[in-house]
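Below, each chain spelled out in residue letters.
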Amino acid sequence: MTYSHDVLVIGSGAAGLTLALSLAKHAKVAVLSKNALNQGSTWFAQGGIAAVLDDQDSIEAHVKDTLIAGAGLCHEESVRFTVENSKAAIKWLIEQGVIFTKENGTEDYHLTKEGGHSHRRIIHSADATGRAVHSTLIDQVRLQQNIQVYEDHIAVNLITQADTNSRKLRCTGAYVLDKNSEQVHVFQAKVVVLATGGASKVYLYTTNLDGASGDGIAMAWRAGCRIANMEFNQFHPTCLYHASTKNFLISEALRGEGAYLRLPNGERFMHRFDERLELAPRDIVARAIDHEMKRLGCDCLYLDISHKTPDFIKEHFPTIYARCLELGIDITKEPIPVVPAAHFTCGGVVVDKNGQTDLQNLYAIGETSFTGLHGANRLASNSLLECVVYAQSSALQIINSLNAINPPEQSEEWDSTRVTNSDEDVVISHNWDELRRFMWDYVGIVRTHKRLERALHRIELLKAEIADYYSNYKISSDLIELRNLATVAELIIDSALERKESRGLHYSLDFPNKSNIARDTILVPTNFAAQNIVVSIDGND
Ligand SMILES: Cc1cc2nc3c(=O)[nH]c(=O)nc-3n(C[C@H](O)[C@H](O)[C@H](O)COP(=O)(O)OP(=O)(O)OC[C@H]3O[C@@H](n4cnc5c(N)ncnc54)[C@H](O)[C@@H]3O)c2cc1C
């Protein structure tokens, strides 16, 4: 079956829904979500959104903080573009109906501070900002007649055709598996937008949901787009360590409000690693925790905010307080056990400042994209901002270009005549576990050349096995995600092998120093041909 829309948005997080809403008056839009609409990182964001909103703050200061965190690899034009649009992005969210926390008894918004920020500039909805933003956007999307939502639909591969006029390759849709009917359909569109979030599920321990399997990055790579800086995966220093609860983040805002990191004996230790103590950038804090855990051979360290009053803690961190209490940890009285976990993918699909990829009529926004904003390390709370700012700039370019784009030609239907039902799903579950384990052990917070080579060898074997499975058995969402995880794992390993230095989130024991020359790692696919348009990654083209 073939579905036709003007614009196909793959992904329903902050990026995808902002884009869909910004287009709704101008185009017929389809939004795909491989699970329920709220099943992405956006819903679970706690801390907030960085923006220049306070008179004492300035665009220059926010730009400077972002550049410092990015360790010489941020593209200053992208940073400036994002920060300059931060106030308008927050205004737009408020207009959609998002309720942010205000200062006690005033009409002013309460701004909090996070690691690496020189000012209080994080606007938030208590400690559940993502849910406040996402639920509002979901409600708005459901009201729009021009937006058709397809939940439980997972994009498998992008469809490309040669443009009849320019002969350049263009993206005209995607093959999409309806998880309920188990049928693969053709979704045709003049413009396709990848808004599929990050790839942190490639690691054993992560704050992300299972769906963060880098689908958009893998699909774009297969379709011939360049991918950049995949070695920079941010590890959040403080994920709750608990036998029955995985993925629960203990927000950086706790450290912003004065929480201490402690060893099992209660001693503070951050002074040995950085003069900014607990508010040092995340890579430094994560590495310090990793170092202390390895040195002491312990399973976790502790984050302690119990020196603040119970009222303060409950007011500022109601979600974390309630969740921990359910698990038997009263954070007003005792420290929280924490471990670092993969959290954010700084690299992604190379785009310009309008979200345009190397492939005509294909855009990428949000965590899937590489805009140059984050450099070698993301400054806390800049990512939701990036989602909104780039979704809006992409929407503007799409609106301006839509009329001139010819409708796609009919694509071939998905051929499933040569595959059978699998009778050995264990191949998928085994490979999924193995991949995430060796990525954690060999390509984690601290790397060596030898371990990276070992990981590369393993990924080659896994990819061959997965390819064999893919061509012989009916596809399922688990298989699609595993195939994409293997692709992004290889992209991460290849990028890490190319970087012969330590910078930002990439730390190598073989190359512990930072090189004098700051260079992005840009991987070019073998099918990156003359047919591609080549976007400038300096933020402007
Ligand atoms: C626990 C946690 C806390 C965070 N806190 C903050 C914070 O305080 N501030 C901040 O700025 N950032 C924070 N981040 C990061 C931020 O939340 C994410 O970077 C951002 O939400 C990404 O939005 P997105 O729209 O790009 O992707 P997501 O919100 O992850 O959405 C991705 C969407 O793509 C869909 N999808 C994926 N693959 C496919 C496919 N093949 N077919 C169809 N659909 C697909 C998914 O179903 C989902 O709807 C946090 C992240 C986590 C995990």
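Everything that follows concerns the structure shown earlier in this document.
Notes on the structure follow. (Residues numbered from 1 in each chain as written. Predicted model: local features only at pLDDT ≥ 70, side-chain atom pairs only at ≥ 80, totals over all residues. Heavy atoms only, no water.)

Once that is clear, we can look at the layout of surface pockets. Quantified by volume, the second largest pocket comes out at close to 590 Å³. Lining the second largest pocket are 22 residues, and of these D290, H291, M293, K294 and I445 sit closest to its centre. Contributions of two or more residues to the lining of the second largest pocket are made by α9 (282-296), β14 (336-345) and α13 (426-442). Per element, the largest residue contribution to the lining of the second largest pocket is seven residues, and it comes from α9. (1 Å grid on protein atoms, 1.4 Å probe; cavity = no way out; pocket = protein on both sides within 12 Å on 5 of 7 lines; lining within 4 Å. Points joined across faces, edges and corners; volume = space filled by probe spheres on them. Helix = DSSP H or I, 4+ residues; strand = E, 2+ residues; numbered from the N terminus.)

What follows is about unusual backbone geometry. Phi at D152 takes a positive value of approximately 55 degrees, unusual for a residue other than glycine. Assignment of secondary structure puts D152 in the loop between β6 (147-150) and β7 (153-162). Residue class for D152 comes out partly exposed when judged on its relative accessible area of 25%. Of note, the phi angle at S381 is positive, near 70 degrees, even though the residue is not glycine. With respect to the helices, strands and loops of the structure, S381 is situated in the loop between β17 (369-370) and α12 (383-401). (Buried < 20%, exposed > 50% of the residue type's maximum accessible area, 1.4 Å probe, protein only.)

Our focus in this paragraph is the sheet that holds strand β3 (residues 49-50). Here three strands make up an open sheet; going across it, the order is β3-β5-β4 and the pairing antiparallel. In this open sheet, the two edge strands, each paired with only one partner strand, are β3 and β4 (111-112). In terms of strand pairing, β4 meets strand β5 (residues 122-123) through two bridges, oriented antiparallel. Bridge pairing in β5 links T112 to I122. (Pairing = 2+ DSSP bridges.)

Under the definition given, this model contains four cavities of 30 Å³ or more. In this structure, the largest cavity occupies an estimated 70 Å³ of space. The wall of the largest cavity is formed by Q46, G47, H110, T112, H124, A126, D127, A253, E257, H316 and F317. Counted by class, the lining of the largest cavity contains three nonpolar, six polar and two charged residues. (Nonpolar A, V, L, I, M, F, W, Y, C, P; charged D, E, K, R; others polar.)

Turning next to the side chain of T129. Among the structural elements, T129 can be located in helix α6 (residues 129-143). Looking at T129, the relative accessible area reads 0%, which means it is buried. A polar contact of 3.4 Å, which involves the side chain of T129, links it to the backbone oxygen of G47. Contacts of T129, omitting those with residues within four sequence positions, involve A45, Q46, G47, G48, I49, F100, I123 and H124. (Polar contact = N/O pair within 3.5 Å; in protein donor to acceptor, adjacent residues only side chain to side chain. Contact = heavy atoms within 4.5 Å.)

Moving on to the site of the ligand. Neighbouring the ligand are 38 residues, the closest being S12, T42, G48, E367 and S383. Backbone polar atom of A15 to an oxygen atom of the ligand: 3.0 Å apart, as the coordinates give it. Here a nitrogen atom of the ligand and a backbone polar atom of K34 are 3.2 Å apart. For the shell around the ligand, the secondary-structure elements that each account for two or more residues are α1 (14-23), α2 (41-44), β7, β14 and α12. Class assignment for the residues of the shell around the ligand results in 13 nonpolar, 21 polar and four charged. (Near = heavy atom within 4 Å.)

Before going further, it helps to examine the packing of aromatic side chains. Remark: the centre distance and the inter-plane angle together describe each pair of aromatic rings, the angle taken between the planes. Scanning the model with the defined rule gives 12 aromatic pairs in all. Taken together, a centroid distance of 5.5 Å and an interplanar angle of 75 degrees make the contact between Y3 and Y150 edge-to-face. Residue Y3 is located in strand β1 (residues 2-10), and its partner Y150 is located in strand β6; the two are separated by 147 residues in the primary sequence. Side by side, Y3 and Y150 carry an identical accessibility label, which is buried. Note on Y203 and F235: the rings are 5.1 Å apart at their centroids and 65 degrees apart in plane angle, and the pair reads as edge-to-face. Taken together, the residues Y203 in the loop between β9 (183-194) and α7 (215-222) and F235 in strand β11 (residues 233-240) connect sequence positions 32 residues apart. (Phe/Tyr/Trp six-rings, centres within 6.5 Å; stacked < 30°, edge-to-face > 60°.)

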